Amino acid sequence: MIVVSNLELRAGSRLLMDEVNFRVASGDRVGLVGRNGAGKTTLTKALSGQTEPAGGTISRGGEIGYLPQDPRTGDLSVLGRDRILSARGLDTIVANMRKAEAAMMSEDDAVREKAMGRYARLEADFTSRGGYAAESEAGSIANSLSLPERVLGQPLDTLSGGQRRRIELARILFSGADTLLLDEPTNHLDADSVLWLRDYLKTYPGGLLIISHDVALIETVVNRVFYLDANRSVIDIYNMGWKQYLQQRENDERRRHRERANAEKKAHTLMAQADKMRAKATKAVAAQNMARRAQRLLDGLETEQVSDKVAKLRFRLRPQVARHR
Ligand SMILES: Nc1ncnc2c1ncn2[C@@H]1O[C@H](COP(=O)(O)OP(=O)(O)OP(=O)(O)O)[C@@H](O)[C@H]1O
Ligand SMILES: [Mg+2]
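Residues numbered from 1 in each chain as written. Chains lettered and ligands numbered in written order. Predicted model: local features only at pLDDT ≥ 70, side-chain atom pairs only at ≥ 80, totals over all residues. Heavy atoms only, no water.

This part takes up the packing of helix 5 (residues 131-144) against helix 7 (residues 161-175). Between two packed helices, what matters for the description is the angle formed by their axes and the separation of those axes. Where helix 5 contacts helix 7, the two axes come as close as 9 Å, and the packing angle between them is 135°. Accordingly, the angle class assigned to the pair helix 5 and helix 7 is oblique. The two elements helix 5 and helix 7 meet at a crossing, and its hand is right-handed. On helix 7, the residues touching A134, E137, A138 and I141 of helix 5 are A170, L173 and F174. (Axes fitted to C-alpha atoms, helices over the stretch in contact; angles between N-to-C directions. Helix = DSSP H or I, 4+ residues; strand = E, 2+ residues; numbered from the N terminus. Parallel < 35°, antiparallel > 145°, perpendicular 65-115°, else oblique. Left-handed = near helix turned anticlockwise from the far one by under 90°. Contact = heavy atoms within 4.5 Å.)

The next thing to look at is the packing of aromatic side chains. What the rule picks out here adds up to six aromatic pairs. On the basis of an interplanar angle of 40° and a centroid distance of 5.0 Å, the ring pair of W196 and Y200 is categorised as tilted. Pair noted here: W196 and Y200 are both in helix 8 (residues 191-202), with a separation of four residues, about one helical turn. Taking relative accessible area as the criterion, W196 reaches 22% and is therefore assigned partly exposed. What makes Y200 partly exposed here is its relative accessible area of 22%. Seen in terms of ring centroids, Y200 and Y204 are 6.3 Å apart; in terms of plane orientation they differ by 35°. Their pairing is tilted. (Phe/Tyr/Trp six-rings, centres within 6.5 Å; stacked < 30°, edge-to-face > 60°. Buried < 20%, exposed > 50% of the residue type's maximum accessible area, 1.4 Å probe, protein only.)

So, about the coordination of the magnesium ion (ligand 2). For the magnesium ion (ligand 2), the full set of protein donor atoms is T41 (OG1) and Q69 (OE1), and the range of their distances to it is 1.9 to 2.2 Å. Placement of T41 in helix 1 (residues 40-48) and of Q69 in the loop between strand 5 (64-67) and helix 2 (80-85) is noted, with a sequence separation of 28 residues between them. (Donors = N, O, S within 2.8 Å, 3.2 Å for Na, K, Ca; no water.)

Here the focus is the confidence of the model for the protein. Overall, the prediction assigns the protein a mean pLDDT of 89, with 92% of residues at 70 or greater. Residue range residues 302-325 is modelled with pLDDT below 50. Its contacts to residues more than four positions away, or to other chains, number 51 contacts. (pLDDT = per-residue confidence, 0-100.)

The structure is reproduced here in structure tokens:
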């Protein structure tokens, strides 16, 4: 669970978003959308705890699995398989078992003897922690992400950038995190892996926030849409699936257009009337009132635009920005 209150994020001095409030709970599968450079990656970085927000608070319950858009560089000497297993703390024990196995080949009886004892203890520990089942689960995830055995046995620094990113994705999925933050997870995936990921995520029991240009993936997986509007520096929250969200946006835009046209027509008529009346001294006051009414109609448009969006959302419109729409 992630709870965000009054969040403010900036890129340098530029405001990206302000007064953002939402929560991502178990069963929430959020698609985060918005144009390039809107601040989606910046938001996920802050949600993961990798960066501090300019303002507001982010509280996290449970474990977070974060796949950054740009791969992180860490210790690249570890094997792909161990990197994945590290998500559940099984990497050390597996590495030690491997060492014991090697020592069991020794010519020296005493060394062999000791190694066998060590191996037995390690294996008992591994088994009691559900290691074999976990290992096969990790293997199956890796396989689905087109990471064959051979690749898993290689150190990370001998792998391509795409392979490394798939290892990272496998590690996060294997971790069983309560909340997943996935920033463009399908980059570097082949078509089959994308299909597999789609199925995997659509039944993910925890919380999920995903950024993806893959419309089919978003459409299948998400049950909420967060639209980051870079012009208004806000997030519009749509508590609905993708198709409905698109429909809702279109409806909103059409209705807004209609309302604007109507109001403008009325205002125009009133203004014309006021102009005629102004000519007569006795009607000057009435003319002024009428002009004011027309102005209020036009002003009302902004309020209309602001309040007609869906669900819980927050607006911080600078009026001069709104007036230009
Ligand atoms: N290291 C940085 N220093 C200064 N500004 C940055 C830095 N990284 C990103 N920005 C700015 O922050 C803004 C938000 O970037 P961010 O990467 O969060 O956008 P995004 O929505 O993830 O875009 P995309 O869809 O291209 O991934 C961008 O306009 C960018 O210019
Ligand atoms: Mg990004």
